[in-house]
Amino acid sequence: MQQKKWLAGALGCILACSHPAGLLAAEIPQTQTIEITQETAAVQDGSVQLPEGLEPDYNDPDYVKRLQLQQTEEAQQTMPFALNSIEAVTTRSPFTGLVYTHAVQLSDYDIINGIDVSKWQAEINWQKVKAAGVKFVFIRCGYTSLSQKFAMYEDEYFRKNIQGAYDAGIKVGVYFFSNSITTSEAKKEAQKTLDLIQDYAHMITLPVVYDFEAFSNAYRAYGLSKEQVTKNMIAYSDLIEAAGFAPMYYGSPNFLDSSFDVAKLARYDCWLANYTTKTAYTGDYTYWQYSSTGQVDGIVGNVDCNFYYSGDAGEIVDPGPDLDPDDVEETLGPVSGLMMADHSTNEITIQWDALEQADGYKVYRSKSYGGTYKLLRTINWNEVTEYTDDTVMESEGRQYYYKVVPFLLDEDGNLKYGLESDILTAYTERLHSFRLKTTANMHLREQAGTEYPSAIVIPAGTSLPFYKFTLSTIDQKWYKVTYTNNGKSYTGYLSGSYVNIYTYGRTTKNVNMRSGAGLNYKIQRTIPKGTKAMVTANKKVSGTKWSKVTYTLNGKSYSGYIPAKYLQQV
């Protein structure tokens, strides 16, 4: 009985996580107190419809959450909204049978059906779940207890669930239910998450989610400031990201507004929890958890249902979105100040000036100058004017092309696009010095592609440094170089079909040169420490990177393979 009494205030306040924005705050007080008796608990436990073999657990945040949500969702789905009618895409959920209206600014995304599960679904037949139309799933890997003492636990069905979903061909993400108070605790939760998923890393292709929920004084993290919650989310995400996973945060409209500084989290995806057929939330989100009472073949009882807005559908043909002229607002945009703000070998950050009239922005990218542009992100905040593209290929000096298109919702609630920006050419960081040598007489083109004009013909055998490379529309590599002839310099692109690429390194110790890439090949000779060598190729064998090198000694040239770790780039 005492275990249930300490939960006072939790259940009524959980509504703050999921009720639609149309509900007034006075209708659902955020500090409501509820006395849970054996009798009321029995009724509520019955409404949850626990699978056979599972007992109520009032320390488990997902269980406590389910108690109240199942009693309130029906009312939420019929709640009226204040927004004007919007021309938007609608779809019918195969798991609830209801029709859902999607935010108009997300209408150019693929809408994919998925679920999320924890131990409270117990045994799952994942092959049946796949056949029912589930394309993705978020699986709880662990949680922090609702008790006041900081204690973390593994979800006892996690390993069975992730293996089953993966074997069935369902895309997988994971979430950890947090109740951290400090950044130190958030980091411990991140490390616990990584420990739990380390054996399943190859199965996880969707985000790893920081699920922070604390709706009453029954939660140890209740009352935590927005600043601290945001810091905790970032601390958790830094470790998750460093391990190679994409972090994401979760919340309802009210909770996102009251407990997160979402403007500081613009680089992360958001998982919106709003149990309704038409959300009024206008902020950023990539996933929408729209129901907790879905019915899916292969799962006993209710299950949470989600939509995923995939950018795979967001391809447009240059010069911009294929829009009806009536949908373009000529007085909106283009954005100014578009520039590359930062870059590394596997990320590019772009930024632009805020456009006061805009309700948000769409960011597009192309791999080639004249190629197809793909929608990377819809940003639903006027003041968020920066985007980090972490989907670029890890490389040195590879170019990508970006456009930003502002949008607004007019007085009738219709989506209007503004004028697109000029093309921004950005590139991954270049750490080393590379060169090329032409193998034929070659045209130096203004852009990457034979369809572009030639500035000059460069003779075969010419050696040049190159500092960037890109792709043509037919996905062939082109290298950007500057060539000087008769005192005049020409900058353009050379086709990768007729060049040899190389760089230089200096040996850091006496190193054996072998006839092939691997320790099983014959040693040809020993290269002295400090020798400058030309690197013409690299090959990875059994986890070791080998460089094919050529060097000259006493007028004689030698070629072979050495471990790349013994070469310092020059």
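Note that the structure is predicted; figures quoted are calculated from it, not measured.

### What to know about the overall build of the protein chain
So, step 1. Per the secondary structure count, the protein chain includes nine helices and 33 strands.
So, step 2. Residues classed as buried in the protein chain amount to 51% of the 570 residues present.
So, step 3. Summarising the internal contacts of the protein chain: among those between residues at least 6 apart in sequence, 65% fall at separations of at least 24.
So, step 4. Carbon together with sulfur atoms contributes 46% to the accessible area of the protein chain, which is approximately 25100 Å² in total.

### Some details on the pattern of salt bridges
So, step 1. Under the criterion given, the structure shown has twelve salt bridges.
So, step 2. Note that Glu-185 is salt-bridged to Arg-220, the shortest N-O span being 3.0 Å. In this pair, Glu-185 sits in helix H7 (residues 183–197) while Arg-220 sits in the loop between strand E7 (204–212) and helix H8 (226–242), placing the two residues 35 residues apart along the sequence. A single burial state applies to Glu-185 and to Arg-220, both of which are buried.
So, step 3. As a salt-bridge pair, Glu-347 and Arg-267 come within 3.7 Å of each other at their nearest N and O atoms.

### A look at the sheet that holds strand E17 (residues 386–389)
So, step 1. Ordered in space as E13-E14-E17, the three strands form an open sheet in which the pairing is antiparallel. The sheet terminates laterally at strand E13 (339–343) and E17, the two strands that pair on one side only. Taking each pair of neighbouring strands and ignoring which way they run, the sheet shows an average axis angle of 25°.
So, step 2. Note: strand E14 (residues 348–351) against E17, four bridges, orientation antiparallel. Residue Thr-349 lies in a different strand from E17, and its bridge partner there is Thr-388.

### Things to note about the packing of H7 against H8
So, step 1. Direction vectors running N to C along H7 and H8 enclose 35°, while the axes themselves pass 8 Å from each other. As H7 runs across H8, the sense of the crossing is right-handed. Touching Thr-183, Ala-186, Lys-187, Glu-189, Ala-190, Thr-193 and Leu-194 of H7 are Gln-228, Lys-231, Asn-232, Ala-235, Tyr-236, Leu-239 and Ile-240, all from H8.

### A short note on the nonpolar core
So, step 1. By size, the foremost hydrophobic cluster in this structure holds 76 residues, and its most contacted members are Ile-115, Trp-126 and Phe-260.
So, step 2. Leave out the neighbours within four places in its chain, and Ile-115 touches Trp-126, Val-129, Val-134, Phe-136, Val-137, Phe-138, Val-296, Ile-299, Val-303, Asp-304, Cys-305 and Asn-306.
So, step 3. Counting 21 residues, the second largest nonpolar core, distinct from the first, contains Met-340, Trp-352, Val-392 and Val-404.

### Considering the environment of Asn-302
So, step 1. Position of Asn-302 relative to the elements: it lies in the loop between strand E10 (287–294) and strand E11 (303–310).
So, step 2. Along the sequence, Asn-302 and Phe-95 sit 207 residues apart, while their C-alpha atoms lie 9.7 Å from each other.
So, step 3. A polar contact of 2.4 Å, which involves the side chain of Asn-302, links it to the side chain of Gln-295.

### Let's talk about the packing of aromatic side chains
How two aromatic rings sit relative to each other is set out by the distance from centre to centre and by the angle between their planes.
So, step 1. Scanning the model with the defined rule gives 31 aromatic pairs in all.
So, step 2. Here Tyr-100 and Tyr-290 contribute two aromatic rings whose centre-to-centre distance is 4.4 Å and whose plane-to-plane angle is 55°, an arrangement assigned as tilted. Of the two residues, Tyr-100 is situated in strand E2 (residues 99–101) and Tyr-290 in strand E10; the sequence distance between them amounts to 190 residues.
So, step 3. Of the residues examined, Tyr-100 reaches a relative accessible area of 0% and is grouped as buried.
So, step 4. Relative accessible area serves as the criterion here: at 0%, Tyr-290 is assigned to the buried category.
So, step 5. A ring pair is formed by Tyr-210 and Tyr-236, whose centres lie 5.0 Å apart and whose planes are at 45°; its orientation type is tilted. Taken together, the positions of Tyr-210 in strand E7 and Tyr-236 in helix H8 put the pair 26 residues apart, joining distant regions of the chain.
So, step 6. The buried category is assigned to Tyr-236, whose relative accessible area is 0%.
So, step 7. Taken together, Phe-136, Phe-138, Tyr-175, Tyr-250, Trp-271, Tyr-287 and Tyr-308 form an aromatic cluster joined through their ring pairs.
So, step 8. Sitting over the ring of Trp-120, Lys-119 keeps its end group 4.7 Å from the ring centre.

### Details of the side chain of Thr-286
So, step 1. Here Thr-286 is to be found in the loop between strand E9 (269–273) and E10.
So, step 2. With a relative accessible area of 12%, Thr-286 lands in the buried category.
So, step 3. Reaching out from Thr-286, the side chain makes a polar contact with the side chain of Asp-269 at a distance of 3.1 Å.
So, step 4. Excluding anything up to four places from it in sequence, Thr-286 contacts Asp-269, Cys-270, Phe-307, Tyr-308, Tyr-309 and Arg-377.

### Some thoughts on helix H6 (residues 158–167)
So, step 1. Turning to H6, its buried residues number three or more, namely Phe-158, Asn-161, Ile-162, Gly-164 and Ala-165. Down the axis of H6, the buried side of the element spans an arc of 165°, and every buried residue falls inside it.
So, step 2. Positioned one or two residues after H6, Gly-169 has a phi angle of 85°, which is positive.

About the cut-offs
Residues numbered from 1 in each chain as written. Predicted model: local features only at pLDDT ≥ 70, side-chain atom pairs only at ≥ 80, totals over all residues. Heavy atoms only, no water. Helix = DSSP H or I, 4+ residues; strand = E, 2+ residues; numbered from the N terminus. Buried < 20%, exposed > 50% of the residue type's maximum accessible area, 1.4 Å probe, protein only. Contact = heavy atoms within 4.5 Å. Areas by Shrake-Rupley, 256 points an atom, 1.4 Å probe, with all protein chains shown as cover. Salt bridge = Lys/Arg side-chain N within 4 Å of Asp/Glu carboxyl O. Pairing = 2+ DSSP bridges. Axes fitted to C-alpha atoms, helices over the stretch in contact; angles between N-to-C directions. Left-handed = near helix turned anticlockwise from the far one by under 90°. Core = buried A, V, L, I, M, F, W, Y, C linked by side-chain atoms within 4.5 Å. Polar contact = N/O pair within 3.5 Å; in protein donor to acceptor, adjacent residues only side chain to side chain. Phe/Tyr/Trp six-rings, centres within 6.5 Å; stacked < 30°, edge-to-face > 60°. Lys NZ or Arg CZ within 6 Å of the ring centre and 35° of its normal. Arc of directions from axis to C-beta.

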